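Next come the chains, spelled out residue by residue.
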Amino acid sequence: MIKENKKKRGLNTTIILLFILFTLFILFTLLDRNFIAYQNILQVFNNLSYVAIIAAPLTMIFILGEIDISFGAVMALSSMLVGNLYKAGVDIRIAIVVAIIAGAAVGAVNGFFVAKIGINSIIVTLGTMLIGTGAAYMLSEGLGRSIPVYDNTIGMLGRGGIKLFTASSGKTFYIPWPIIMVIVIYVFFWFVLKKTSLGQHIYAIGQNRRA
């Protein structure tokens, strides 16, 4: 009975959120007919894809009953690492791998202090947020400025995509790489949460950590 009630609440929440999304879509369409234009819809999804990618792993943390407020600082630190390494002449692909490893290391530190030491996740991630923000600021030469990266690899991720078809008018329709990455990442996390023992453990811990 409890399980059925939880499923019912989850379904009701999903329906409400979809209704709000649909209402906003209709409202913006009525306010500006260009809102439903292909290029605009594509740009909206493309811009939201970066937030969506961050939301996927954060969802797992929330299911566990924890919270992470350091992800913005970790993003800034990783980005500044890429910029500084690129500026120093390191291959952009190596720089990206180093940044990913650095971000994973911060996550591992957070996980260690929360899971093994038993410190509240807000306190731990608050500390790493401050450290990450300070480190990113130092890597920007203490000026808080961005470091431009002119490389085709980065440009391809932002501008490229998979071509769908070309209309008779000569207009090409495609799906940008960021949106494709979101789809792949969400399928992966759905599989982990729903089809693996790790996912079941995550739900179990979130529902009752002590048990």
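One can find the structure itself at the top, above this paragraph.
Residues numbered from 1 in each chain as written. Predicted model: local features only at pLDDT ≥ 70, side-chain atom pairs only at ≥ 80, totals over all residues. Heavy atoms only, no water.

Considering helix α3 (residues 71-87)
Counted at 1.5 Å a residue, the expected span for α3 with its 17 residues is 24 Å, and the 24 Å between its end C-alpha atoms agrees. Two residues or fewer past α3, Gly-89 is found with a positive phi of approximately 95°. (Helix = DSSP H or I, 4+ residues; strand = E, 2+ residues; numbered from the N terminus. Expected span 1.5 Å × (residues − 1).)

Some remarks on the packing of helix α2 (residues 38-63) against helix α7 (residues 177-195)
Across the interface, α2 lies against α7 with an axial gap of 8 Å and an inter-helix angle of 20°. Between α2 and α7, the interaxial angle falls into the category roughly parallel. Relative to α7, the crossing made by α2 is left-handed. Here Leu-42, Phe-45, Asn-46, Ser-49, Tyr-50, Ala-52, Ile-53, Ala-55, Ala-56, Pro-57, Met-60 and Ile-63 of α2 lie close against α7, whose contacting residues are Pro-178, Ile-179, Met-181, Val-182, Ile-185, Tyr-186, Phe-189, Val-192 and Leu-193. (Axes fitted to C-alpha atoms, helices over the stretch in contact; angles between N-to-C directions. Parallel < 35°, antiparallel > 145°, perpendicular 65-115°, else oblique. Left-handed = near helix turned anticlockwise from the far one by under 90°. Contact = heavy atoms within 4.5 Å.)

Describing the packing of aromatic side chains
Each aromatic ring pair is summarised here by two numbers: the centre-to-centre distance and the angle between the ring planes. For the structure shown, the criterion picks out four aromatic pairs. Measuring from ring centre to ring centre gives 5.6 Å for Phe-25 and Phe-35, while their planes differ by 65°; the resulting arrangement is edge-to-face. You can see Phe-25 sitting in helix α1 (residues 2-31) and its partner Phe-35 sitting in the loop between α1 and α2, a full 10 residues away along the chain. Residue class for Phe-25 comes out partly exposed when judged on its relative accessible area of 36%. (Phe/Tyr/Trp six-rings, centres within 6.5 Å; stacked < 30°, edge-to-face > 60°. Buried < 20%, exposed > 50% of the residue type's maximum accessible area, 1.4 Å probe, protein only.)

Comments concerning the nonpolar core
If you look at the biggest cluster of nonpolar residues, it comprises six residues: Ala-56, Met-60, Phe-189, Val-192, Leu-193 and Ile-202. Looking at this core, the elements with two or more residues in it are α2 and α7. By residue number, the principal contributor to this core is α7, which donates three residues. Leaving out residues up to four positions away in the same chain, Ala-56 has contacts with Ile-185, Tyr-186 and Phe-189. (Core = buried A, V, L, I, M, F, W, Y, C linked by side-chain atoms within 4.5 Å.)

Thoughts on the side chain of Asn-110
The topology assignment puts Asn-110 in helix α4 (residues 92-117). A distance of 3.1 Å separates polar atoms of two side chains, one belonging to Asn-110 and the other to Thr-128. Setting aside its immediate chain neighbours within four residues, Asn-110 contacts Asp-68, Ser-70, Val-124, Thr-125 and Thr-128. (Polar contact = N/O pair within 3.5 Å; in protein donor to acceptor, adjacent residues only side chain to side chain.)

Let's talk about a nonpolar patch on the surface
Judged by side-chain polarity, Phe-62, Ile-67, Ile-69, Val-109, Phe-112, Phe-113, Ile-117, Ile-119, Ile-122, Ile-123, Leu-126 and Leu-130 come together as a nonpolar surface patch covering roughly 1,000 Å² of accessible area. Sorting the residues of the nonpolar patch by element identifies α4 and α5 (121-139) as the ones contributing at least two each. Examined against the element boundaries, Val-109 turns out to sit in helix α4. (Patch = residues over 30% accessible without salt bridge, like charges linked within 9 Å, V, L, I, M, F, W, Y side chains within 5 Å. Areas by Shrake-Rupley, 256 points an atom, 1.4 Å probe, with all protein chains shown as cover. Salt bridge = Lys/Arg side-chain N within 4 Å of Asp/Glu carboxyl O.)

Quick look at the side chain of Ser-70
Checked against the element boundaries, Ser-70 lands in the loop between α2 and α3. A distance of 3.4 Å separates a polar atom in the side chain of Ser-70 from a polar atom in the side chain of Thr-128. With residues near it in sequence (within four places) discarded, Ser-70 still touches Asn-110, Thr-125, Thr-128 and Met-129.

Keep in mind these values describe shape, not function.
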